[in-house]
Amino acid sequence: MIYFFGFFFVFLSSLFAETYHVPANSNTVTLGLFDLNKQPVVKVKSGDIVSLETWNSCLQIMQFNKTTPADVAAFYKQHGIQNRRGMHSLTGPVYVEGAEPGDVLEIRVIDIKLNDFGYNFLSTTAGILTEFTKPRIMYFKLNRENNTTQFNKDVCLHLKPFPGIIAVAPPLDWPTGWPVKMKAKMGQPAKGEFNSVPPGPFGGNLDQPELQAGSILFVPVFQKGALVWTGDSHALQNNGEIDVTALETSYESITLQFIVRKDLRAEGVLDKSKRKGGDAFSWPIIEDSKQWMIVGLNVDLYEAMKLAAQNAINFLVRTQGFSPQDGYQFLSMVGDFEIAEAVNTIKNVTVHLPKDAFTKMKTLCQEGVFPLKPPEIDQGAVCVPQEGTIVE
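A few points on the structure.

What counts, and where the lines are drawn
Residues numbered from 1 in each chain as written. Predicted model: local features only at pLDDT ≥ 70, side-chain atom pairs only at ≥ 80, totals over all residues. Heavy atoms only, no water. Helix = DSSP H or I, 4+ residues; strand = E, 2+ residues; numbered from the N terminus. Buried < 20%, exposed > 50% of the residue type's maximum accessible area, 1.4 Å probe, protein only. Expected span 1.5 Å × (residues − 1). Contact = heavy atoms within 4.5 Å. Polar contact = N/O pair within 3.5 Å; in protein donor to acceptor, adjacent residues only side chain to side chain. Disulfide = S-S within 2.5 Å. Pairing = 2+ DSSP bridges. Arc of directions from axis to C-beta. Axes fitted to C-alpha atoms, helices over the stretch in contact; angles between N-to-C directions. Phe/Tyr/Trp six-rings, centres within 6.5 Å; stacked < 30°, edge-to-face > 60°. Lys NZ or Arg CZ within 6 Å of the ring centre and 35° of its normal.

1. Points about unusual backbone geometry
Line of reasoning, step 1. At the junction of Gly-92 and Pro-93, the peptide bond is cis and its omega measures out at 5° in the coordinates.
Line of reasoning, step 2. Relative to the elements of secondary structure, Pro-93 occurs in strand β6 (residues 89-96).
Line of reasoning, step 3. The phi angle at Leu-59 is positive, at roughly 55°, despite the residue not being glycine.
Line of reasoning, step 4. At Leu-227, a residue that is not glycine, the phi angle is positive and equals roughly 65°.
Line of reasoning, step 5. Mapped onto the elements, Leu-227 comes out in strand β16 (residues 226-236).
Line of reasoning, step 6. Classification of Leu-227 as buried rests on a relative accessible area of 10%.

2. Some thoughts on helix α5 (residues 301-320)
Line of reasoning, step 1. When the terminal C-alpha atoms of α5 are compared, their 27 Å separation across 20 residues agrees well with the 28 Å that a helix rising 1.5 Å per residue should span.
Line of reasoning, step 2. Turning to α5, the residues buried within the fold contact β19 (285-287), β20 (291-298), α6 (324-333), β21 (336-341) and β22 (347-354).
Line of reasoning, step 3. Between the side-chain oxygen of the N-cap and the backbone nitrogen of Tyr-302 there are 3.0 Å, and the N-cap of α5 in question is Asp-300.
Line of reasoning, step 4. Positioned one or two residues after α5, Gly-321 has a phi angle of 75°, which is positive.

3. Quick look at the state of the cysteines
Line of reasoning, step 1. Applying the stated criterion across every chain yields a total of one disulfide.
Line of reasoning, step 2. One disulfide bridge connects Cys-156 with Cys-383, the sulfur atoms lying 2.2 Å from each other. Given an S-S torsion of about 85°, the disulfide between Cys-156 and Cys-383 has right-handed geometry. On the criterion of sequence distance, the pair formed by Cys-156 in strand β11 (residues 155-158) and Cys-383 in the loop between β22 and β23 (390-391) is long-range, its members being 227 residues apart.

4. Regarding the pairing of β22
Line of reasoning, step 1. Most of β22 is tucked away: seven of the eight residues are buried.
Line of reasoning, step 2. Of the pairings in the sheet, the one linking β20 to β22 comprises eight bridges and is antiparallel in character. The residue of β22 that forms the bridge with Trp-292 is Leu-353.
Line of reasoning, step 3. Sheet topology places β21 next to β22; five bridges connect them, and they run antiparallel. Directly across from Phe-337, in β22, lies its bridge partner Val-351.
Line of reasoning, step 4. Between β21 and β22, which pair antiparallel and follow one another directly, the connecting turn spans five residues.

5. Concerning α6
Line of reasoning, step 1. Inspection of α6 places Gly-327, Phe-330 and Leu-331 among the buried residues, and these make up the whole buried set. For α6, the angular spread of the buried residues around the axis is 100°, confining them to a single face. In α6, the exposed positions angled more than 90 degrees off the buried face are occupied by Gln-325, Tyr-328, Gln-329, Ser-332 and Met-333.
Line of reasoning, step 2. On its buried face, α6 sits against α5, β21 and β22.

6. Quick word on the sheet that holds strand β15 (residues 216-220)
The strands making up a sheet associate through backbone hydrogen bonding, with each pair oriented either parallel or antiparallel.
Line of reasoning, step 1. As summarised here, the arrangement of the nine strands in space is β1-β5-β18-β7-β15-β19-β20-β22-β21, forming an open sheet in which the pairing is mixed. Of all strands in the sheet, those with a lone pairing partner are β1 (19-22) and β21, marking the two edges. Taking the axes of each pair of neighbouring strands and ignoring which way they run, one obtains an average angle of 25° across the sheet.
Line of reasoning, step 2. With respect to the sheet, α5 is in contact with β19, β20, β21 and β22, its orientation differing from that of β20 by roughly 140°.

7. Considerations on the environment of Asp-173
Line of reasoning, step 1. Mapped onto the elements, Asp-173 comes out in the loop between β12 (162-168) and α4 (184-187).
Line of reasoning, step 2. Separated by eleven residues in the primary sequence, Asp-173 and Ala-184 have C-alpha atoms spaced 9.2 Å apart.
Line of reasoning, step 3. With residues up to four places along the chain from it excluded, the contact list for Asp-173 reads Trp-178, Lys-272 and Arg-275.

8. Considerations on the packing of aromatic side chains
Line of reasoning, step 1. The tally for this structure, following the rule as stated, stands at 14 aromatic pairs.
Line of reasoning, step 2. Note on Phe-64 and Phe-117: the rings are 5.5 Å apart at their centroids and 55° apart in plane angle, and the pair reads as tilted. Here Phe-64 is found in the loop between α2 (57-60) and α3 (69-79), whereas its partner Phe-117 is found in strand β8 (residues 117-122), with 53 residues between them in sequence. In terms of burial, Phe-64 and Phe-117 fall into one category: buried.
Line of reasoning, step 3. Relative to Phe-202, the ring of Trp-174 has its centre 5.2 Å away and its plane inclined at 85°; by these criteria the two rings are edge-to-face. Linking Trp-174 in the loop between β12 and α4 with Phe-202 in the loop between β13 (193-195) and β14 (203-205), this pair joins segments that are 28 residues apart in sequence.
Line of reasoning, step 4. For Phe-202, a relative accessible area of 1% translates into the label buried.
Line of reasoning, step 5. Among the aromatic residues, those joined into a cluster by ring pairs are Trp-292, Phe-315, Phe-322, Phe-330 and Phe-358.
Line of reasoning, step 6. Over the aromatic face of Phe-64 sits the side chain of Lys-141, whose NZ or CZ is 4.8 Å from the ring centroid.

Okay, structure coming up:
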């Protein structure tokens, strides 16, 4: 009966929700900055649904089989990429009425519709290896009917689109007020402007492959209205993203639902003592139908793993009634630690907690029942020949 009521509640909330569409254009897309001076592209109420178009990196300069590494390098130099801002094309911000600092915003990824091509850029300076000294770009035609692309004539890839970036507006004391050990100018090059490259407690460039359609991001609110951006759109990525890019693309649309949670307090927003693993809801949490993913972020991978463990222990204490000692031992036996992102300034280590291990609490969702289903991957789908090339 509770199961039925939960889905009935989801049906009713969606029935009465407003739905909005935000196109990607020069007014709605910002290059590489979460800018507090940017006017909202739309204002919505809690429960409303927004479909957003996205551009590929560098304000859509990437053209199928044409853009060269030299073109990208010239764009980076012109716009101060990495130092002044990121390369990401960010659609937003969305203003969510009722969202206040200390709340948690529940962002549901309802659907993703791909555009028709993607690319991977091999960087000679930003990846984990240094022996590849010539940059190159591999282009891929995406088959949107069967959700595949060819890596080469003998290798067929099944696509798994997800946004590299979903972010709320960062806190004014980012990054110096947070235990990530990053230089201030890298995180906030100018007051109220935040570089999109490093992820943080606000979400951002998490590059978490499981944040696909059918998943939910829980993220603390730092500014009135939350102010949500998305970009860095991906068609596929592993854990690690070792050459510094995924299968980068743009979206015809990514559909998100926003729910303000007053009951899930992010205590670290106002209390600095709660930021070092003392409050799981002061950092991003991802949930899907099978697991929770608890995030740890730091410039040092080991420190990122420690923060992920501390956040996960706090999560288990608050949601499952564990003692901290119980949580530590549980993670050593059951928690699955993965390096979601190894090449950003701030590294992302995520600990995965399988839901089937628990009987007390199965979801953080407002209804008490997880309302989404992941897209099914047709493993028998055939790759058709595609026209992608390698440009050096």
